[in-house]
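# Understanding the architecture of this molecule
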Amino acid sequence: MDKKEYLDLYHQMVLIRRLEERAAELYQKGEIGGFLHLYIGQEAVSTGIVAARQPQDQVITAYRDHGVAINVGISAEKVMAELLGKETGISKGKGGSMHMADVSKNFYGGHAIVGAHLPIAAGLALANHMQENDAVTIAMFGDGATNIGFFHEAINLAMAWKLPILWVCENNRYGMGTSPERASAVSDIIQKACGYGMQAFDVDGMDVIAVKDMVSERLADIRSGSGPQFLEACTYRFRGHSMGDPERYRSKTEVKKFVEKGPIDNFRKFLFKEKLATEEELDQIGVVVAEEIDAAVTFAQESPEPPDEALFEHIYVEETGGA
Amino acid sequence: MANIVEMPKLGFDMAEGTLAKWVKSEKDPVEKGDILAEIETDKATVEVESAFGGIVYKQLITEGTAVPIGTPIAVVAEKGEEVDLDTLVGKSAAEPAQAEPEPEPDQQRAIHASAQPAASDEESEIIKASPIAKRIAKEKGISLANITGTGPGGRIVKRDVEKAEKSPSSQPYASKSKASIQAGVDEEIQVSNLRKMIGERLTESRQTVPHFYITSMYDVAELLKTRKQLNKELPDEQRVSVNDFIIRAAALALRDFPNLNASLSGTTLKRHGDIHIGVAVAVDNGLLTVVVRNADQKPLTQISQEANEMIRRVKAGKVRNDDIEGSTFTISNLGMYNVEDFVAIINPPEAAILAVGSAKQIPVAIDGELDIGWRMKATISADHRITDGAEAAEFMQHLAIFLEQPWRLFA
Amino acid sequence: MAVITMREAISQALWEEMERDEKVFIQGEEVGVWGGTYAVTKGFLDHFGPDRVRDTPIAEAAIVGAAVGAAMAGMRPVAELMTINFAFVAMDHIVNEAAKMHYMFGGQFKLPLVIRAPGGGGRQLAATHSQTPDVIFAHFPGLKVVAPGTPADAKGLLKEAIRIDDPVMFIENATVYQQKGEVPDGDYTIPIGKSKVQREGSDVTLVAYSKMVYYAMQAADILAKEGIEVEIVDLRSLRPLDMTPVLTSFKKTNRAVIAEEGWRSYGVGAEVASRIYEEAFDYLDAPIQRVAQKEVPLPYNARLEQMALPQVDDIVKAVREVLK
């Protein structure tokens, strides 16, 4: 990787961070409705994954999807506009926070039902297999999803059919408000993969370079025909599960501990140590990001609402006769 | 400019007032100083003047409603002015507080035995007919009241209406062909819907209303003479009948007897502001009452014309809703059958009904001398919950003025 | 015109579409080696190979979910649920994923998948294996739901379902695979969302779909002997629901009977009757009769099971009732 690529990773992470912070403010003002699940603290995971993938590799994730959205190249404008439900949003205002996607960038969403996207991920990998297109599906999900039936059906099927898929569990230590220790018979998540005969790995999810390197290796393996593999990325979310979470399930001390060793700070330290960037350069990126976010919010706020007719659009690809 | 009229404070300790009576109706012109309404406080009933001139655009509350002082009760606007009530008065006032639920207009069915349906009595009002049967009947001008339904539960269905249309003998109100009894032969027929409804309504009336009766005898010599003279001047088809005289007479007499032009609903007595006289008309399978509206305000010839038209429609089976709804007092006249007197059952929810017998020549005593006079008996049946003997008797006396001095009918 | 069975019609449609478009593939339990538990895909594995005829684990959520993913990524899967009773395991992927993806992402993804599922009772398979829950799927906008009643319709509708880019629930009846009918020669499709008059008549409008069309035809013959001519309107699709031929017929006859194998409450009859009342109220000559399954879980005992299921005789009785 050259300096430019490193700075680009930094830029993405800071952009995600600022976007999420601003989204939280807008939510409290009432401009964003529904659920809002912030990716703050987990930026290194999605950034590292998308940096490692090849353009034909599909990425699919759950509802904490704003990070991936930025990483795959959806503009902050389109993300903000979607959060505000505007016509100019990446899903035309029809999906909201949990349903960002961009098929042109092989980003298959943004999904709200826990674990439901996992069988779909297997299907994407199945298509890759049948089309012989050298693509690997990357399915991201949380620790909580490893207990639902969909998870087991999906990883079993993928393994039985040897599909080209990388399962990435973002273990942020809490499925909503319940830790794996409380929710799972086996809280060591990698063990679940072993139960299906899959190669399983773990990585420090707070280290964007570590994630990128690990994912690159895994994808190369899978692309060469190893069959599905499992990666647990240990991470932490600094804010609650979603807006309005009273966070009774964890202590402020614990949160503080992780915030002080967050992914952006880690990366800054790394860049300085490796002499890849100066403080001024990084601060300058911060300034640019601030402007980007301001512009994105302005764009979103000034964008038009979807027209009334949009309510009835996209129900079907083909309208046929009949009531 | 639209103005809101509010419930006025008419006494130092008055908290609320009841709108006893609207003197001005909606759409009436009103000048500053005109009496708009009568307000009842717990001390007295007071006339209230309008502070504004213009048109009574809307009455915001109905008679009998009590509201706190300061509550909007009416809107007076300029003639032709369109007023947005929501904005002017606010939503709560735009939905008038009602003292009692009004009977819904669409609960009144096409044909009923009586003019005003009792609020509680909707079930028996409905003739069961399928939508398409009703539609065909309406289109062809066939009365459902005279069709026997062959559908489940006696429902009138399409085939029944089609059959009725085809066979002229089952035309309602055709000739009064009376079947005679064939010796030894029992005949079972389905009671017609009309008969059934009449039965239900009058049974209820008979059972729940405390009827009392007063019979009076009237000297109708002048009336008959006047009628004869009048009919000489009129073309044949516009001749007036004795009953037309009685309609107008009763209407004028009722002006001074609001209790007899009233309806009782629970404990609320509604004295009607209009006098609509119902006239019972015999039809093939029962009885209908056509309604002469505002009979006290119409000339005799107009009453006669309207009554005749409605009766014609009834007999042709093309009676309209308006013909048979809304009577406030009913007259039943069996005079053409040589009946001396009879007693009628009150048409609920009216206060009274007048049963009129034949006018005939009988021996009469005048100042101790025997003579021949034209006399006609009429019997009033009245509801003792609403009125009493004295009042009813006074009415019958008052009626005499109009029946025996027919010139008053033209005044 | 050939006379073939329902099974053959469905099988032919699948075969012809798989020949026509290599993106079409089948996955489900026992569809490959076994040849399908209703023998619909017999011979497919040998001809099309294991990549396109995929035996799956017993994992309905994955069967449908993977079909959703494959469809989103450009394939045209036909997922088979061994019976519609197992659809509940895959409920999320049918009604939350397949039905809504196109909408939620602003039109970015197409979902050209077909989910085939046989339903119906009468073989003593007991309550959880004998249901007709068609209305549940018909309830969801975004899904198309088809339930043919004749072999000709089955073939044409399945081909159409495979060719269009919308997710289709293709509901078969497990007890009438051997029902025969005339089927046009050559390649043809039938548009989804169009009802059809299967038999003309002037006395009563008899609305039916799926197996009840078969029963309705038998009832019609019985009634014809009494001089009663019923007009059978076959819905064919539950969503979109085409009321036009139903209403045209009803305006002629003024009386309707609706027959379905599912339960009466909240059923197809409830919807169709409501629409008739709404749109043809002034033509109504009698309350609409609904023939449906009795409101019980279906029992194992043969006699009791038949008592619960709607029979030809129930349709005949309903027609006589509506004519009273």
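All values reported here derive from a predicted model rather than from experimental measurement.

### Some points on the overall build of chain C
Scanning chain C for helices and strands turns up 12 helices and 14 strands. Here the contacts in chain C between residues at least 6 apart in sequence split such that 80% fall between residues at least 24 apart.

### Brief notes about the interface of chain C and chain B
Across the boundary between the two partners, chain C contributes 8 residues, which contact 9 residues of chain B. The class makeup of the residues in the side of chain C that touches chain B is 4 nonpolar, 1 polar and 3 charged.

### Comments concerning the pairing of strand 4 (residues 76-80) of chain C
Residues and elements named next belong to chain C. Of all 5 residues in strand 4, 5 are buried, a share of seventy percent or more. Of the two faces of strand 4, both are covered, the one formed by Arg76, Val78 and Glu80 as well as the one formed by Pro77 and Ala79. Note: strand 2 (residues 24-28) against strand 4, 5 bridges, orientation parallel. The residue bridging Phe25 from the neighbouring strand is Pro77, located in strand 4.

### As for the packing of helix 5 (residues 117-131) of chain A against helix 3 (residues 60-72) of chain C
At a minimum axis distance of 6 Å, the contact between helix 5 of chain A and helix 3 of chain C shows a crossing angle of 50°. Taken together, helix 5 of chain A and helix 3 of chain C sit at an angle that is classed as oblique. Judged by the sense of rotation from one axis to the other, the crossing of helix 5 of chain A with helix 3 of chain C is right-handed. On helix 3 of chain C, the residues that touch Pro119, Ile120, Ala121, Ala122, Gly123, Leu124, Leu126 and Ala127 of chain A of helix 5 of chain A are Ala61, Ala62, Gly65, Ala66, Ala67, Val68, Gly69, Ala70 and Met72 of chain C. Among the residues forming the contact of helix 5 of chain A with helix 3 of chain C, the class breakdown is 14 nonpolar, 3 polar and no charged.

### Quick look at the environment of Ala79 of chain C
Residues and elements named next belong to chain C. As for its placement among the helices and strands, Ala79 is situated in strand 4. Under the C-beta neighbour-count criterion, Ala79 is labelled buried, with 32 such atoms within 10 Å. The sequence separation of Ala79 and Val114 amounts to 35 residues, and the corresponding C-alpha distance is 6.2 Å. The contact partners of Ala79, leaving out residues within four places of it in the chain, are Gln27, Gly28, Ile63, Val64, Ala67, Leu113 and Ile115.

### What to know about the sheet that holds strand 2 (residues 16-22) of chain B
Residue and element names in this part refer to chain B. The strand order 5-4-2-7 describes an open sheet built from 4 strands, whose pairing is antiparallel. Two strands in the sheet have a free side with no partner beyond their single neighbour: strand 5 (45-49) and strand 7 (66-68). Neighbouring strand axes in the sheet, compared pairwise and without regard to direction, differ in orientation by 40° on average. Sheet topology places strand 2 next to strand 7; 3 bridges connect them, and they run antiparallel. Note that in strand 7 the partner of Glu16 across the bridge is Pro68.

### A closer look at the interface of chain C and chain A
Between chain C and chain A, the contact holds 44 residues from the first and 38 residues from the second. The set of elements that each furnish at least two residues to the side of chain C that touches chain A consists of helix 3, helix 4 (91-98) and helix 5 (101-104) of chain C. Per element, the largest residue contribution to the side of chain C that touches chain A is 9 residues, and it comes from helix 3 of chain C. Along the lines of polarity and charge, the residues of the side of chain C that touches chain A split into 23 nonpolar, 13 polar and 8 charged.

### Description of helix 2 (residues 43-52) of chain A
Two residues of an α-helix separated by three or four positions point the same way, owing to the 3.6 residues in each turn. The buried fraction of helix 2 of chain A amounts to 10 of the 10 residues, a majority that puts the element mostly inside the structure. Restricting attention to buried positions, one finds in helix 2 of chain A the residues Glu43, Ala44, Val45, Ser46, Thr47, Gly48, Ile49, Val50, Ala51 and Ala52 of chain A.

### Focus on the environment of Ala73 of chain C
Mapping Ala73 of chain C onto the fold places it in the loop between helix 3 and strand 4. On a C-alpha basis, the gap between Ala73 of chain C and Leu111 of chain C in space is 8.9 Å, while along the polypeptide they are 38 residues apart. Not counting the four nearest positions on each side in its chain, Ala73 of chain C is found in contact with Gln58, Leu124 and Ala127 of chain A.

### Observations concerning the sheet that holds strand 6 (residues 54-59) of chain B
The strand order across the open sheet built from 4 strands is 1-8-6-3 (chain B), with neighbouring strands paired in antiparallel fashion. The open sheet is flanked by strand 1 (3-6) and strand 3 (29-30) of chain B, the only strands paired with a single partner.

### Considerations on helix 9 (residues 208-223) of chain A
All names here are of chain A. Between its first and last C-alpha, helix 9 extends 22 Å over 16 residues, near the 22 Å set by a 1.5 Å rise per residue. Among the residues making up helix 9, those that are buried are Val208, Ile209, Val211, Lys212, Met214, Val215, Arg218, Leu219 and Ile222. Elements in contact with the buried residues of helix 9: helix 1 (3-29), helix 2, strand 3 (165-171), strand 4 (199-204), strand 5 (229-234) and helix 11 (263-273). Gly225 lies just past helix 9 and shows a positive phi near 105°.

### So, the confidence of the model for chain C
Close inspection of predicted coordinates is inappropriate in any region flagged by low pLDDT. Looking at chain C as a whole, its pLDDT mean stands at 97, while 100% of the residues score no less than 70. Listed scores for the predicted complex are pTM 0.67 and ipTM 0.89.

### Focus on the nonpolar core
One finds Ala122 of chain A together with Ile94, Ala216, Val257 and Val319 of chain C to be the most contacted residues of the largest nonpolar core, which totals 228 residues. Broken down by element, the residue count for this core peaks at 10 residues, all from helix 3 of chain C. Sequence-distant contacts of Ala216 of chain C, defined by excluding residues within four places in its chain, comprise Leu206, Ala208, Ile232, Ala259 and Ile315 of chain C.

### Description of unusual backbone geometry
Cis rather than trans, the peptide bond between Pro348 of chain B and Pro349 of chain B has omega equal to 0°. With respect to the secondary-structure elements, Pro349 of chain B resides in the loop between strand 14 (329-333) and strand 15 (352-366). Arg239 of chain C connects to Pro240 of chain C through a cis peptide bond whose omega is 0°. Along the chain, Pro240 of chain C turns up in the loop between strand 12 (237-239) and helix 9 (244-253). Phi angles above zero are rare outside glycine, and Lys27 of chain B is one such case at about 85°. Its location among the elements puts Lys27 of chain B in the loop between strand 2 and strand 3. The phi torsion at Ala126 of chain C lies on the positive side, around 70°, for a residue other than glycine. Positionally, Ala126 of chain C belongs in the loop between strand 5 (114-119) and helix 6 (134-138). Given 14 C-beta atoms within a 10 Å radius, Ala126 of chain C is considered partly exposed.

### Quick word on the packing of helix 3 of chain C against helix 4 of chain C
Residue and element names in this part refer to chain C. Look at helix 3 against helix 4: their axes get within 8 Å of each other, and the N-to-C directions meet at 25°. Viewed along their axes, helix 3 and helix 4 adopt a mutual orientation that is roughly parallel. Between helix 3 and helix 4, the residues in contact are Ala61, Val64, Gly65 and Val68 and Asp92, His93, Ile94, Glu97 and Ala98, respectively.

### Describing the environment of Ile165 of chain A
All names here are of chain A. By secondary structure assignment, the location of Ile165 is in strand 3. For Ile165 and Ala121, which are 44 residues apart along the polypeptide, the C-alpha to C-alpha distance reads 7.9 Å. For Ile165, the contacting residues outside a window of four places in its chain are Ala121, Ala122, Ala125, Val136, Thr137, Ala139, Ala158 and Pro228.

Conventions we followed
- Residues numbered from 1 in each chain as written.
- Chains lettered and ligands numbered in written order.
- Predicted model: local features only at pLDDT ≥ 70, side-chain atom pairs only at ≥ 80, totals over all residues.
- Helix = DSSP H or I, 4+ residues; strand = E, 2+ residues; numbered from the N terminus.
- Contact = placed C-beta atoms within 7 Å.
- Nonpolar A, V, L, I, M, F, W, Y, C, P; charged D, E, K, R; others polar.
- Buried ≥ 20, exposed ≤ 12 C-beta atoms within 10 Å, placed from the backbone.
- Pairing = 2+ DSSP bridges.
- Axes fitted to C-alpha atoms, helices over the stretch in contact; angles between N-to-C directions.
- Parallel < 35°, antiparallel > 145°, perpendicular 65-115°, else oblique.
- Left-handed = near helix turned anticlockwise from the far one by under 90°.
- Expected span 1.5 Å × (residues − 1).
- pLDDT = per-residue confidence, 0-100.
- Core = buried A, V, L, I, M, F, W, Y, C linked by C-beta atoms within 7 Å.

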